[in-house]
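In case you want the letters, here they are:
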Amino acid sequence: MGRGSFGRVKAWNDFTSGIDAKVVPTGGDFLGGGVGIVGVNEGSLNLTGDESGGVLAVTTDTGNDDNEVLVAGTFSPTDGKLQMEVRMKIVDSLATTRAASFVGFTETLDMATPVMPAEIATATLDFVGTGAVAGFVFDSDATDLVWRFVVGDENVVVAIEDAAGVVGAAIGIDAALTMTADRWWIFRVEIDMAGIARGYVVDTADNDIFQLVGRNTVALPTTVSYHAIAMIENRSGANEIMEVDYFYAEGGRD
């Protein structure tokens, strides 16, 4: 199929204007730049005035497992390499023990009642939604409060290895990022045309260099379509806040 002058589809929002003290309506909303938001119950959006460069504060509702999801796509690897990147943080020290978050790609996303694509309880990783998943997950229900790179398909763990070629555990690969409140992280996830996903991180308190955390060694499906998402979910019946500096996603046009 002809693609004209634009063979790549890009979503980008730097959240520099246009959102202030807004309730997320039932069914979600468009935020501009090809980025939308959906969630369980009514969360809220605010521009963060005490930080430069445009920062969006995404707050969940107060019910246990209420969530909010920034989303773009869908994109299919058969049309070209997928990539997404988010600079984000979880706000407040309490949130590190009562929140969960996922950043990456998921084949399945219920726009009415979204769920975490992957969750960790104590030392067990569970892929909640059907379909393929690749990204970073943090869950305060886990024994270790760290970010992990995970890949799955149809509720089954897909084999992964770290940057040194060491086979990853069933719970995923520790990204060496212990959860700290109000600390910026940059996550980048890619899925190439062969179905190999790669996860990269920047610990902004240390440097500004992307580090490869891991990749899958068994291919994900390439003919399906993926949503790029950044998600916050509460674990306690108290609202939680994710601040997002920017959200970017890109894939090929069919």
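Whatever comes next refers back to the structure up there.
What counts and how
In this numbering scheme, every chain counts its residues from 1 along its sequence in written order. Whole-chain, interface and lining totals are the exception, using all residues; otherwise, since this is a predicted model, local features are given only for residues with pLDDT of at least 70 and side-chain atom pairs are given and counted only at 80 or more. To get the side-chain values, all heavy atoms of the structure are used, and hydrogens and water are removed first. By definition, any uninterrupted DSSP run of H or I lasting at least four residues is a helix, any uninterrupted run of E lasting at least two residues is a strand, and each is numbered from the N terminus. For a compact globule the rule gives 2.2 Å times the number of residues to the power 0.38, and the radius of gyration it is set against comes from C-alpha atoms. Partly exposed residues are those whose accessible area sits between 20% and 50% of the maximum for their type, while under 20% is buried and over 50% is exposed, using a 1.4 Å probe and protein chains only. Only the protein chains shown count as cover for residues, with accessible areas throughout obtained via the Shrake-Rupley method and a probe of 1.4 Å. A positive count includes Lys and Arg, and a negative count includes Asp and Glu. His and the chain ends are not counted in either. In this description, the location of a charge corresponds to atom NZ of lysine, CZ of arginine, CG of aspartate or CD of glutamate. To qualify as a nonpolar core, a set must consist of buried Ala, Val, Leu, Ile, Met, Phe, Trp, Tyr and Cys residues joined through side-chain atoms within 4.5 Å. Contact definition: two residues touch when any of their heavy atoms are within 4.5 Å. Each polar contact in these results corresponds to two N or O atoms within 3.5 Å; when the atoms are within protein, one needs to be able to donate a hydrogen and the other to accept it, and residues that are neighboring in sequence are counted only if both atoms are side-chain atoms. Any carboxyl oxygen of Asp or Glu that lies within 4 Å of a side-chain nitrogen of Lys or Arg is treated as forming a salt bridge with it. In this scheme Phe, Tyr and Trp rings, the latter by its six-membered ring, pair at centre separations within 6.5 Å, and the angle between planes marks the pair as stacked below 30 degrees, edge-to-face above 60, and tilted otherwise. Placement of a positive charge over a ring is assigned whenever Lys NZ or Arg CZ falls within 6 Å of the ring centre and within 35 degrees of the normal to the ring plane.

K.L.:
Hey, could you run me through the overall build of the protein in this one?
P.N.:
Across its full length, the protein carries 0 helices and 21 strands. Computed over C-alpha atoms, the radius of gyration of the protein comes to 17 Å, within 12% of the 18 Å expected from 2.2 N^0.38 for 254 residues, which places it in the range of a compact globule. Dimensions of the protein, computed from the C-alpha atoms along their principal axes, are close to 45 × 40 × 35 Å. Buried residues in the protein amount to 54% of all 254 residues. Accessible surface computed for the protein: about 10,200 Å², of which carbon and sulfur atoms make up 50%. Charge-centre separation for the protein: the mean point of 15 positive side chains lies 8 Å from the mean point of 37 negative side chains.

K.L.:
How should I be thinking about the nonpolar core in this particular structure?
P.N.:
Generally speaking, nonpolar side chains in soluble globular proteins are found buried as a group. Within the largest apolar cluster, 52 residues are counted, with the highest numbers of intra-cluster contacts made by Leu70, Trp147 and Phe247. Here this core takes 5 residues from strand β8 (residues 82-90), the largest share from any one element. The residues contacting leucine 70, other than those within four sequence positions of it, are Phe15, Leu31, Gly36, Ile37, Leu56, Val58, Ala228, Ile229, Ala230, Val244 and Phe247. If you look at the next biggest cluster of nonpolar residues, it comprises 18 residues, including Val71, Ala100, Met116 and Ile229.

K.L.:
Honestly, the environment of glycine 34 in this entry has me stumped. Any pointers?
P.N.:
In this structure, glycine 34 sits in the loop between β3 (29-32) and β4 (35-40). The exposure class of glycine 34 is exposed, given its relative accessible area of 56%. Distance from glycine 34 to tyrosine 248, taken between C-alpha atoms, is 9.2 Å for residues 214 residues apart in sequence. Not counting residues up to four positions away in its chain, the partners in contact with glycine 34 are Ala11, Val71 and Ala72.

K.L.:
Would you mind showing me how to read the side chain of aspartate 203 here?
P.N.:
Mapped onto the fold, aspartate 203 is located in strand β18 (residues 197-203). A distance of 2.9 Å separates a polar atom in the side chain of aspartate 203 from a polar atom in the side chain of arginine 183. Leaving out residues up to four positions away in the same chain, aspartate 203 has contacts with Leu177, Arg183 and Trp185.

K.L.:
Explanation requested: the pattern of salt bridges in the structure shown.
P.N.:
One pass over the full model with this rule turns up 18 salt bridges. Between glutamate 250 and arginine 8 there is a salt bridge; the shortest N-O distance is 2.8 Å. Highlighted residues: glutamate 250 in strand β21 (residues 241-252) and arginine 8 in strand β1 (residues 8-13), separated in sequence by 242 residues. With its nearest N and O atoms 2.4 Å apart, the salt bridge here joins glutamate 240 to arginine 98. In this pair, glutamate 240 sits in the loop between β20 (226-234) and β21 while arginine 98 sits in the loop between β8 and β9 (99-106), placing the two residues 142 residues apart along the sequence. We classify glutamate 240 as buried; its relative accessible area is 2%. Each of Asp65, Glu119, Asp139, Asp141, Glu233 and Arg235 takes part in one network of salt bridges that share partners.

K.L.:
In this structure, what is going on with the packing of aromatic side chains? I would like to understand it.
P.N.:
In this description, a pair of aromatic rings is defined by centroid distance and the angle of the planes. Here the structure, examined in full by the defined rule, presents 5 aromatic pairs. Between phenylalanine 136 and phenylalanine 149 the ring centres are 5.4 Å apart and the planes differ by 50°, which places this aromatic pair in the tilted class. Placement of the pair is phenylalanine 136 in strand β12 (residues 132-139) and phenylalanine 149 in strand β13 (residues 146-153), with a sequence separation of 13 residues. Overall, the relative accessible area of 0% leaves phenylalanine 149 in the buried class. When the ring of tryptophan 147 is compared with that of phenylalanine 187, the centres are 4.5 Å apart and the planes differ by 50°; the resulting orientation is tilted. Highlighted residues: tryptophan 147 in strand β13 and phenylalanine 187 in strand β17 (residues 185-191), separated in sequence by 40 residues. Exposure remark for tryptophan 147: the relative accessible area of 0% places this residue in the buried category. Taken together, the aromatic side chains of Phe136, Phe138, Trp147, Phe149 and Phe187 make up a single cluster linked through ring pairs. A cation sits over an aromatic face here: arginine 87 above tryptophan 184, 4.4 Å from the ring centre.

K.L.:
I'm lost on unusual backbone geometry in this one. Help?
P.N.:
Comment: phi is negative for the bulk of residues other than glycine, and the bulk of peptide bonds are trans. Looking along the chain, the bond that leaves glycine 73 and enters threonine 74 is cis, with omega of 20°. Tracing the sequence through the fold places threonine 74 in strand β7 (residues 67-75). With phi around 70°, asparagine 155 is a residue other than glycine that occupies positive phi space. With respect to the element layout, asparagine 155 can be found in the loop between β13 and β14 (156-157).

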